[in-house]
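For reference, the chains in residue letters:
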Amino acid sequence: MIDAQILPTPIGPLSLLAHEGVIVAAGFTPDPAQMFARLTPQLQALGLDVVEDLGAPAEAVRAYLAGDLDALDDVPVEQPGSPTRKRLHQALREVKAGTTVSYAELAERAGMPRTAARAAGAACAQNLIAPFVPCHRVLPSTGGFGGYYYGVPVKEWLLGHEAS
């Protein structure tokens, strides 16, 4: 079974989906079914159950929102992807709160050439586990905020929260 919890945040509801204590999806939506629909067929076959409390992952989110900006770092996560995408997602998890990188810098951190910025962007676009895999910390080298699956205002809020 995939267990889901909806947590209130200052920027709207955050749905967390976990399987056996590992976060498999998270996103700023009040409907965990939206996140569930993005999971692999193997995980979808397990079914979805909305629960009152996921325990440690929910506590980590509460701590993050209360100012412990490293609280999400140790929560176990797992999402599908090629070895390259997995390296990029791991490199994302290593971008510390309060800092940002460009897509080219993210590619380099994953052991790829700077010219692999598009691959880094694609990995961000396919990230199922925001903000645990913090793609909001990646900005275009040309300036601005770029895009964000849950909207630029959410990305701006997360970056502002981490800067304070």
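Definitions and cut-offs
Residues numbered from 1 in each chain as written. Predicted model: local features only at pLDDT ≥ 70, side-chain atom pairs only at ≥ 80, totals over all residues. Heavy atoms only, no water. Salt bridge = Lys/Arg side-chain N within 4 Å of Asp/Glu carboxyl O. Helix = DSSP H or I, 4+ residues; strand = E, 2+ residues; numbered from the N terminus. Buried < 20%, exposed > 50% of the residue type's maximum accessible area, 1.4 Å probe, protein only. Core = buried A, V, L, I, M, F, W, Y, C linked by side-chain atoms within 4.5 Å. Contact = heavy atoms within 4.5 Å. Pairing = 2+ DSSP bridges. Axes fitted to C-alpha atoms, helices over the stretch in contact; angles between N-to-C directions.

The name recorded for the protein in an unreviewed UniProt entry is Methylated-DNA-[protein]-cysteine S-methyltransferase, from Nonomuraea africana.

K.L.:
Hey, could you go over the pattern of salt bridges for me, with residue numbers and the actual values?
P.N.:
What the rule picks out here adds up to 4 salt bridges. Here E59 and R62 are joined by a salt bridge, their closest N and O atoms 2.8 Å apart. Separated by 3 residues within a single helix, E59 and R62 lie in helix α3 (residues 56–65), roughly one turn from each other. E59 sits in the partly exposed class, given a relative accessible area of 45%. In this structure R62 comes out as partly exposed when scored by relative accessible area, which is 36%.

K.L.:
Lay out the nonpolar core with the relevant residues and their values.
P.N.:
Ranked by internal contacts, the top residues of the largest apolar core, which has 50 residues, are L16, L17, I23, L39, L106, F132 and Y148. Residues within four places of L17 in sequence aside, it is in contact with I2, D3, A4, V22, I23, V24, A25, P32, M35, F36, L39 and L48.

K.L.:
I'd like to hear about the sheet that holds strand β4 (residues 48–50), residue by residue, with values.
P.N.:
Strand pairing within a sheet occurs via backbone hydrogen bonds; the two strands may be parallel or antiparallel. The 4 strands lie next to each other as β3-β2-β1-β4, forming an open sheet whose pairing is mixed. Every other strand in the sheet has two partners, leaving β3 (22–27) and β4 as the edge strands with one partner each. Going across the sheet, the axis of each strand differs from the next one's by a mean of 25 degrees, ignoring polarity. Relative to strand β2 (residues 14–19), strand β1 (residues 2–7) is paired through 5 bridges, and the arrangement is antiparallel. Bridge assignment links A4 to a residue of β2, and that residue is L17.

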